[in-house]
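# Architecture at a glance
Now for the letters of each chain:
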Amino acid sequence: MNNFTIRIAGIDYKITTIDSKYADTNMGKMRADTDEIFINSSLGYHARNRVILHESIHWILRNAGLDDHVENEKITSIIEAGMYAFIRDNRNFIMNNILESELGAWNFNKGVNDV
Ligand SMILES: [Zn+2]
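Throughout what follows, the structure given in this document is the object of discussion. (Residues numbered from 1 in each chain as written. Predicted model: local features only at pLDDT ≥ 70, side-chain atom pairs only at ≥ 80, totals over all residues.)

### Re the nonpolar core
Here is the rule: The nonpolar core criterion groups buried Ala, Val, Leu, Ile, Met, Phe, Trp, Tyr and Cys residues into a set whenever they are joined through C-beta atoms within 7 Å. Once C-beta atoms are placed from the backbone, each residue is buried if 20 or more other C-beta atoms lie within 10 Å of its own, exposed if 12 or fewer, and partly exposed for counts between those two. Numbering of helices and strands starts at the N terminus; helices are DSSP runs of H or I of at least 4 residues and strands are runs of E of at least 2. We call two residues in contact when the distance between their C-beta atoms, placed using the backbone, is within 7 Å.
Residues Ile8, Tyr13, Met30, Ile37, Phe38, Ile39, Val51 and Ile52 constitute the largest nonpolar core, which totals eight residues. Only β4 (36–40) and α1 (45–63) provide two or more residues apiece to this core. Tallying contributions element by element places β4 first for this core, with three residues. Setting aside chain neighbours within four positions, we find isoleucine 39 in contact with Ile15, Thr17, Gly28, Arg48 and Val51.

Structural data, given as structure tokens:
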């Protein structure tokens, strides 16, 4: 995975992989003060994607004032698992309706199996 940025709530965060020996037991970590998300380099493809989604959800919840760490972690893990599956299972709907709708191409007739 090359370094890249992801935008969360209007802020661009640099995604960086770090050697697992420096990651402690963390799969990933977000540093809001430096606009960075670190991902343990030992993770596989899906785990890395889920970490990015996970840290993004953490930040969205914190911005909404839900900063109780224990509660936030529980909610984040539930949403992360559900949203990752939703995104992967509904790729065509998302591409054809949610993303294209920004260009004025709203089309409910295109579903999960349509290209
Ligand atoms: Zn977490």
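Still to come is the rest of the account.
### So, unusual backbone geometry
For alanine 9, which is not glycine, the phi dihedral falls at a positive 50°. Inspection of the secondary structure assignment puts alanine 9 in the loop between β1 (4–8) and β2 (11–18). Positive phi outside glycine occurs at aspartate 35, with the angle close to 60°. Residue position: aspartate 35 is located in the loop between β3 (28–31) and β4. Looking at aspartate 35, the number of C-beta atoms within 10 Å reads 13, which means it is partly exposed.

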